[in-house]
Number of protein chains: 2
Amino acid sequence: MINKLIEKIKKTKAPIVVGLDPMLAYVPEHIQKAAFEEYGETLRGAAEAIWQFNKEIVDQTFDLIPAVKPQIAMYEQFGVEGLEAYKKTVDYCKSKGLIVIGDVKRGDIGSTSAAYAVGHLGKVQVGSRTYAGFDEDFATVNPYLGSDGVKPFIEVCKEEKKGLFILVKTSNPSSGEFQDRLVDGKPLYELVGEKVAEWGADHCGDTYSYIGAVVGATYPEQGKALRKVMPKSFILVPGYGAQGGKGKDLAYFFNEDGLGAIVNSSRGIIAAYKQEAYAKYGAEHFGEASRAAVKDMIADIQGALEAVI
Amino acid sequence: MINKLIEKIKKTKAPIVVGLDPMLAYVPEHIQKAAFEEYGETLRGAAEAIWQFNKEIVDQTFDLIPAVKPQIAMYEQFGVEGLEAYKKTVDYCKSKGLIVIGDVKRGDIGSTSAAYAVGHLGKVQVGSRTYAGFDEDFATVNPYLGSDGVKPFIEVCKEEKKGLFILVKTSNPSSGEFQDRLVDGKPLYELVGEKVAEWGADHCGDTYSYIGAVVGATYPEQGKALRKVMPKSFILVPGYGAQGGKGKDLAYFFNEDGLGAIVNSSRGIIAAYKQEAYAKYGAEHFGEASRAAVKDMIADIQGALEAVI
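The paragraphs below set out a description of the structure included in this document. Because the structure is predicted, anything quoted here is derived from the model rather than measured.

Cut-off values and rules
Residues numbered from 1 in each chain as written. Chains lettered and ligands numbered in written order. Predicted model: local features only at pLDDT ≥ 70, side-chain atom pairs only at ≥ 80, totals over all residues. Heavy atoms only, no water. Helix = DSSP H or I, 4+ residues; strand = E, 2+ residues; numbered from the N terminus. Pairing = 2+ DSSP bridges. Contact = heavy atoms within 4.5 Å. Axes fitted to C-alpha atoms, helices over the stretch in contact; angles between N-to-C directions. Buried area = accessible area lost by both parts, 1.4 Å probe. Salt bridge = Lys/Arg side-chain N within 4 Å of Asp/Glu carboxyl O. Nonpolar A, V, L, I, M, F, W, Y, C, P; charged D, E, K, R; others polar. Least-squares fit on C-alpha atoms with pLDDT ≥ 70 in both. Phe/Tyr/Trp six-rings, centres within 6.5 Å; stacked < 30°, edge-to-face > 60°. Buried < 20%, exposed > 50% of the residue type's maximum accessible area, 1.4 Å probe, protein only. Lys NZ or Arg CZ within 6 Å of the ring centre and 35° of its normal.

## Examining unusual backbone geometry
- Of note in this structure, K161 of chain A is not a glycine but carries a positive phi near 55 degrees.
- Secondary-structure assignment places K161 of chain A in the loop between helix 7 (147–160) and strand 7 (163–169).

## Thoughts on the sheet that holds strand 10 (residues 211–215) of chain B
Residues and elements named next belong to chain B.
- In space, the eight strands of this closed barrel follow the order 1-2-3-6-7-10-11-12, with parallel pairing throughout.
- Where strand 1 (residues 16–18) meets strand 12 (residues 261–265), three bridges bridge the pair, whose relative direction is parallel. The residue bridging V18 from the neighbouring strand is S265, located in strand 12.
- Contacting strand 3 (99–106), strand 6 (138–141), strand 7 (163–169) and strand 10, helix 7 (residues 147–160) runs over the sheet at an angle of about 150 degrees to strand 7.
- Taken strand by strand, helix 9 (residues 188–201) contacts strand 7 and strand 10, and its axis lies near 165 degrees from that of strand 7.

## Describing the interface of chain B and chain A
- Contact with chain B, which involves 71 residues of that partner, is made by 71 residues of chain A.
- Interface area, chain B with chain A, both sides summed: about 5800 Å², of which 62% is carbon and sulfur.
- By the criterion of area lost to chain A, the three top residues of chain B are E41, Y144 and F178 of chain B, representing 15% of everything that side buries.
- On inspection of chain B and its partner chain A, the count reaches seven salt bridges.
- Residue R106 of chain B is joined to E76 of chain A by a salt bridge in which the shortest nitrogen-to-oxygen separation is 3.0 Å.
- Counting residues per element, the side of chain B that touches chain A draws most heavily on helix 6 (residues 110–120) of chain B, which supplies seven residues.
- Per-class residue counts for the side of chain B that touches chain A are 33 nonpolar, 24 polar and 14 charged.

## Digging into the relation of the copies chain B and chain A
- Screw-axis analysis of chain B against chain A gives a translation of 0.0 Å along the axis, an RMSD of 0.0 Å, and a rotation angle of 180 degrees. Such a combination of turn and shift is consistent with a two-fold rotation axis. In terms of C-alpha distance to the rotation axis, chain B has V183 of chain B as its closest residue, with the C-alpha 2.7 Å off the axis.
- Both copies share a contact surface, since 100% of the interface residues of chain B are interface residues in chain A too.

## Some remarks on the packing of aromatic side chains
- Per the stated rule, a full pass over the model turns up 14 aromatic pairs over all chains.
- Measuring from centroid to centroid gives 4.9 Å for Y208 of chain A and F234 of chain A, while their planes differ by 75 degrees, and the two rings are edge-to-face. With Y208 of chain A in the loop between helix 9 (188–201) and strand 10 (211–215) and F234 of chain A in the loop between helix 10 (220–229) and strand 11 (235–237), this pair connects stretches of sequence that are 26 residues apart. In terms of burial, Y208 of chain A and F234 of chain A fall into one category: buried.
- A ring pair is formed by W51 of chain B and Y92 of chain B, whose centres lie 5.5 Å apart and whose planes are at 85 degrees; its orientation type is edge-to-face. Of this pair, W51 of chain B sits in helix 3 (residues 43–61) while Y92 of chain B sits in helix 5 (residues 79–95), and the two are 41 residues apart along the sequence.
- A relative accessible area of 17% places Y92 of chain B in the buried class.
- Ring pairs connect the aromatic residues F53, Y273 and F286 of chain A, which therefore count as one cluster.
- Of note, K96 of chain A hangs over the ring of F62 of chain A, and the distance from its end group to the ring centre comes to 4.3 Å.

## Some thoughts on the sheet that holds strand 7 of chain A
Residues and elements named next belong to chain A.
- One closed barrel holds the eight strands; their spatial order is 1-2-3-6-7-10-11-12, and the pairing between them is parallel.
- Summarising the sheet, strand 3 (residues 99–106) and strand 6 (residues 138–141) pair through three bridges and their orientation is parallel. Within the sheet, the bridge partner assigned to R106 lies in strand 6 and is V141.
- This element, helix 5 (residues 79–95), spans strand 2 (67–68) and strand 3 of the sheet and lies at about 150 degrees to strand 3.

## As for the side chain of K195 of chain A
- Relative to the assigned elements, K195 of chain A resides in helix 9.
- Using a relative accessible area of 19% as the deciding quantity, one classes K195 of chain A as buried.

The structure is reproduced here in structure tokens:
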């Protein structure tokens, strides 16, 4: 799957991922109205609205991008019905040839991590049959519990040729509270990065490892250091756009081959029609606004890469 | 909710919580067979089997215990259908008067943590109406992202008078890999513990805070240190029984008032019928085996507390 991701990045010339994190507030009135007319102002109605919203964005952007990253929390807030919309979104994106990074940030002790791994990346045994519960291609994982919380995910990834992005240095303002604390003179995120490199050595594709890392666009200096610590790990970079990260900050996250990172934008793409720059599309044509925003993001990142590499 | 938890612990004299973490392998043949006959060997069949299994255990133990802790991963592995069984279990336990600790170990950046908080502990807005997606009473939270990943949960807890247990020192063998690393001479788990105390000061019940901590029974020395760092925080203690923690190790997790901790056992209770000590009940009467195991666990912990306090 890491080989496929790289192939698709090369083909689209777009090392980006669209974050499908639908808040109801992003969903245009006409979509909400249609969904509520069909299912009422219910959890099912909300789930239908975010599904229809996602579908249009995917239809308008799938040919430009290699991957999407649905944030499961935005679905989970609508309970079981929301998670049905998550599953529908995962399946639909895969049917369009997109790679799906499930932003689930799971992580637990061994046997419990194994259950998450099976549910999101693998297959669960039911009597004599097996089923894939959510079936994403990659998942994000929280490392706080250490190796025996991460390794069950890696085991399933090996079986399924799938991959992980492990939280190393997150994009939020208070990520430094624990992640930046010095351990033997090194910040904790660097220790986690070293572990990611170690775990990744155990499960490699042709040029990069299946085990990647999450490092926020909002921390370019840390990205630069971590790029060296984990040379074979793909870095998933959130925080571009709405959270403040800019194209020029991103060059640090890439290797000299122009690869090694994939930059996520969520709000900046999916709610593009609400921005002044794309207001001309109007809420009716929100999907076209997203398409224009994707093209602009690709140009911004290509520009930043060309300036350095 | 922390007041209600304490009241129920006093009434039952049982500072314990039953972990509803059903693996299909724990579910007796006759339950699996009935579920598969109704729904086939499908995800729905598996979900039905674990729900029927849970229901019998709850029916046999609810009068002895204050709380249950369903581990959502064990349901999530069966996809959307599994999560329906999770929701059914949460609702049923609440209808029996039990406090439900959702062992979800969520945690993300601010707006995403807010979505998880709303989905598990709060209410989500859909048009002019609000709905509770999963509606547990407490949730476990991962602190790796720092304050702005945790505070959205606390905000929802304040509105709903609900609570959290934040991962501080987990019960698994490799928990020390990051959690024990020294920062300014102190282990990281102690820094996290200090933050739990700080966050908790902001949301207090009558005698204890709504913001508790997770500290594994397998680390009694660390439990002793953390008890002092977070005097007002309830400690949720996993790792008793199957993971190796013993009654006598647990006294350290309690305060002198005999309160301040709640000990979880999962496999040891729900799969009790598979242990030699309870084999006489047989798979047919697995619920009665669980009841006997709960009584033994309560006696073990009461004995350990009486020996010290």
